[in-house]
Each structure stands twice: as structure tokens, then as C-alpha cells.
Amino acid sequence: MTNISELQNKATAIRIRLVEMIHRANTGHTGGALSATDILVSLFYHTLKHDPQQPDWSERDFFLLSKGHSVEPYICVLADLGYFPESELDHFSAYKSMLIGHPSKKVPGMEMSTGALGHGLSIGVGIALAQRRQKKPNRVFTLMGDGEQAEGSIWEAAMAGSHYRLGNLVGIIDRNYLQISGNTEEVMALDCLEGKWQSFGWNTISINGNDIEEICKTLDAIDYSGDKPTAIIANTTKGKGVSFMENNPKWHHGVPKGEELATALSDLQALYI
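Remember, predicted model here, so these are calculated numbers, not experimental data.

### Some words on helix H8 (residues 212-221)
Part 1 of the reasoning: When we look at burial in H8, the residues that qualify are Ile212, Ile215, Cys216, Thr218 and Leu219. An end-on view of H8 places all buried positions within 160 degrees of arc, on one side of the element. Facing away from the buried surface of H8 by more than 90 degrees, the exposed residues are Lys217, Asp220 and Ala221.
Part 2 of the reasoning: The inward-facing, buried residues of H8 contact helix H1 (4-25), helix H2 (30-47), strand E2 (140-145), strand E6 (203-208) and strand E7 (230-235).
Part 3 of the reasoning: Of the residues that open H8, the one with a side-chain oxygen 3.1 Å from the backbone nitrogen of glutamate 213 is aspartate 211.

This is how it looks when you write it as C-alpha cells:
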């Protein structure tokens, strides 16, 4: 799928599905899930080389959700693509369900189990290095949170990615300026985030992370055969698409109910083109 309007509508459908899923399960990280949806849709429906019928296909690109708490759009995308039946979404976070509140390797299409922040990029470096040493063209994409940038393991991995000249590695930061305890700049200031990644030897790009066309063009323009990994600072809005959730830290971990659910679904329905 490469038509931008179709991708935008797909992102809207995924947002609606994840809000319904969180409501049904009575648990979820709604705000970060909504901010990351456009990134997930751009990757899986436009950029990544993958096959839902062969999750372990040797020629696939790798995607790692390092900000594992925002698993909901990841789950919804994989179900929509046919990695597993969509009916499984009705059992999200239920007893014995394979779909839990963080990525799990038990789920077809998920490369790794995540939850403890800061590990995704380190594993991404290892996978990208293995592909390079085996002279394979497979690419590796890791999606991180901005609050996650306070983890020291992120910067160890950043240093290693540059040292090993991993042009096949892309780190995407969901820069929504909010984490569970408040604004990132008050909890642990990150600016200038672009300068930090540049100083670690990464090709660094800042984009609108809620603009699917810009995301796709940025991913298309990367030289994956080069010798510099790429960091994409994706500036997003936490709670994107739902009026009362946008830029509200309350919705880092919140469940819409009653009128809140009705308003959220109405706001999202209005996004269809």
C-alpha cells in the first residue's frame, strides 16, 4: 500500500481499533499508542519487507518496539495484516491471551519481548551487525520513546551502532514530550536531542511523526547501504486524534469509558478522508 490517503485512512482505522481494544480490556497505554500509530502504519504498509505468511522469512526487515508499553498499534497492525486472526484482539490482556500489555515473542510477527525500556536499540544493533557480517541486505528499525532516552543503554547502543558503521540500522524516537510522570523536559531534559544523536555519529533527521507522507519520504531517502546509522526524531502529539487526550499526561496509561469513549471514537471517525 503506497497511496498516502489510503495509509492515512489505515492509520485512522488502527486508532479506532486500538481505542476499542483498550476499552474492552480496561487497560492500555492509550496516549503513546496514538502518537506512534502513524509511524507503525508507515513502516508496515510502506517500508518494511515482510511476509505475514512467513513471519521468520530470512529476507525480512526487522522491527523492534523498544517502547514496549505502546504495543496496541503494533498488535492491531499485525492482526490487520494477517499475522494472526483479528478475533484475537478481543482477548487483549485477558487471562491466557498471547496478546499482553507489551510485545511478546509468542505473537507471530513480533521479533522480541520488550517492556524494560532501553533494550530495543541494543538488540537492534546486534541484529544489524549480524546482517552486515553475513552480507545480507536486511534492515533493522527500532522505535523508541523519548522518555526512554534517559536510559544509559540507549547511548551505549548508539555508540556501538556508529562504531560498527551500521547503515542498515534506523532508530526512530517517538518525540511526544510526555512520559508517565510528566513533560520530558521537566523529568529529564533531552534537548537538543538532535545534537546528541549527531554527536554519536548518526545521520539525524527531524520530521513530523504524525505526517505519513513525510515519514514515508524520509524512510525512502535513507541510504541503507551506507556506513552511518540513522536516527529519526519523529515529533508527535501524545494522544493524537482524540481531542481530550492530546498533550495530556493523564492518558499515558488511561482507559476511555462512557462519554469519553463515545467522544474518542467520534473524533477519530472524523479523521477519515
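### Considerations on the packing of H1 against H2
Part 1 of the reasoning: For the pair H1 and H2, the least separation of the axes is 9 Å and the interaxial angle reads 140 degrees. In this view, H1 runs oblique relative to H2, as classed from their interaxial angle. For the pair H1 and H2, the sense of crossing is right-handed. From H1, Leu7, Lys10, Ala11, Ile14, Arg15, Leu18, Val19 and Ile22 reach across to H2, where they touch Thr30, Ala33, Leu34, Thr37, Asp38, Val41, Tyr45 and His46.
Part 2 of the reasoning: Of the residues in the contact of H1 with H2, the class split is 10 nonpolar, three polar and three charged.

### As for the sheet that holds E6
Part 1 of the reasoning: Taken in spatial order, the five strands make up an open sheet running E1-E2-E3-E7-E6, and their pairing is parallel. Looking at which strands have only one partner, the edges of the open sheet turn out to be strand E1 (62-65) and E6. Each strand of the sheet is rotated relative to its neighbour by a mean of 20 degrees, with strand direction disregarded.
Part 2 of the reasoning: Summarising the sheet, E6 and E7 pair through six bridges and their orientation is parallel. The residue of E7 that forms the bridge with isoleucine 205 is isoleucine 232.

### Quick word on the side chain of asparagine 138
Part 1 of the reasoning: Structurally, the position occupied by asparagine 138 is in the loop between helix H4 (120-133) and E2.
Part 2 of the reasoning: One polar contact links the side chain of asparagine 138 to the main-chain carbonyl oxygen of arginine 60, over a distance of 2.7 Å.
Part 3 of the reasoning: In this view, asparagine 138 contacts Ser58, Glu59, Arg60, Asp61, Phe62, Gln131 and Asn168; residues no more than four positions away in its chain are not counted.

### Some details on the pairing of strand E3 (residues 169-175)
Part 1 of the reasoning: Of all seven residues making up E3, seven are buried, and the element is well covered by its neighbours.
Part 2 of the reasoning: The two faces of E3 match: Leu169, Gly171, Ile173 and Arg175 on one face and Val170, Ile172 and Asp174 on the other face are all buried.
Part 3 of the reasoning: Pairing of E2 with E3, which is carried by six bridges, proceeds in the parallel orientation. From the neighbouring strand, valine 140 faces E3, where its bridge partner is leucine 169.
Part 4 of the reasoning: In this fold, the crossover linking E2 to E3 by way of helix H5 (residues 152-163) has right-handed handedness.
Part 5 of the reasoning: In the sheet, E3 pairs with E7 via six bridges, with the strands oriented parallel. In the strand pairing of E7, glycine 171 is matched with alanine 231.

### Notes on the pattern of salt bridges
Should the charged atoms of two oppositely charged side chains come close, the side chains can pair.
Part 1 of the reasoning: Applying the stated criterion across every chain, the model contains 14 salt bridges.
Part 2 of the reasoning: A salt bridge links aspartate 80 to lysine 10, with the nearest nitrogen and oxygen atoms 2.9 Å apart. Of the two residues, aspartate 80 is situated in helix H3 (residues 72-81) and lysine 10 in helix H1; the sequence distance between them amounts to 70 residues.
Part 3 of the reasoning: The exposure class of lysine 10 is buried, given its relative accessible area of 18%.
Part 4 of the reasoning: Across the salt bridge formed by lysine 49 and glutamate 59, the nearest N and O atoms sit 3.5 Å from each other. Separated by 10 residues along the polypeptide, lysine 49 in the loop between H2 and E1 and glutamate 59 in the loop between H2 and E1 bring together distant segments of the chain.
Part 5 of the reasoning: When its relative accessible area of 39% is taken as the criterion, lysine 49 is described as partly exposed.
Part 6 of the reasoning: Since its relative accessible area comes to 43%, glutamate 59 is described here as partly exposed.
Part 7 of the reasoning: Three or more residues joined by partner-sharing salt bridges are found here, namely Asp146, Arg175, Glu185 and Asp191.

Reading the values: rules and limits
- Residues numbered from 1 in each chain as written.
- Predicted model: local features only at pLDDT ≥ 70, side-chain atom pairs only at ≥ 80, totals over all residues.
- Heavy atoms only, no water.
- Buried < 20%, exposed > 50% of the residue type's maximum accessible area, 1.4 Å probe, protein only.
- Helix = DSSP H or I, 4+ residues; strand = E, 2+ residues; numbered from the N terminus.
- Arc of directions from axis to C-beta.
- Contact = heavy atoms within 4.5 Å.
- Polar contact = N/O pair within 3.5 Å; in protein donor to acceptor, adjacent residues only side chain to side chain.
- Axes fitted to C-alpha atoms, helices over the stretch in contact; angles between N-to-C directions.
- Parallel < 35°, antiparallel > 145°, perpendicular 65-115°, else oblique.
- Left-handed = near helix turned anticlockwise from the far one by under 90°.
- Nonpolar A, V, L, I, M, F, W, Y, C, P; charged D, E, K, R; others polar.
- Pairing = 2+ DSSP bridges.
- Right-handed = clockwise from strand over helix to strand, strands pointing away.
- Salt bridge = Lys/Arg side-chain N within 4 Å of Asp/Glu carboxyl O.

No statement about biological role is implied by the geometric values presented.
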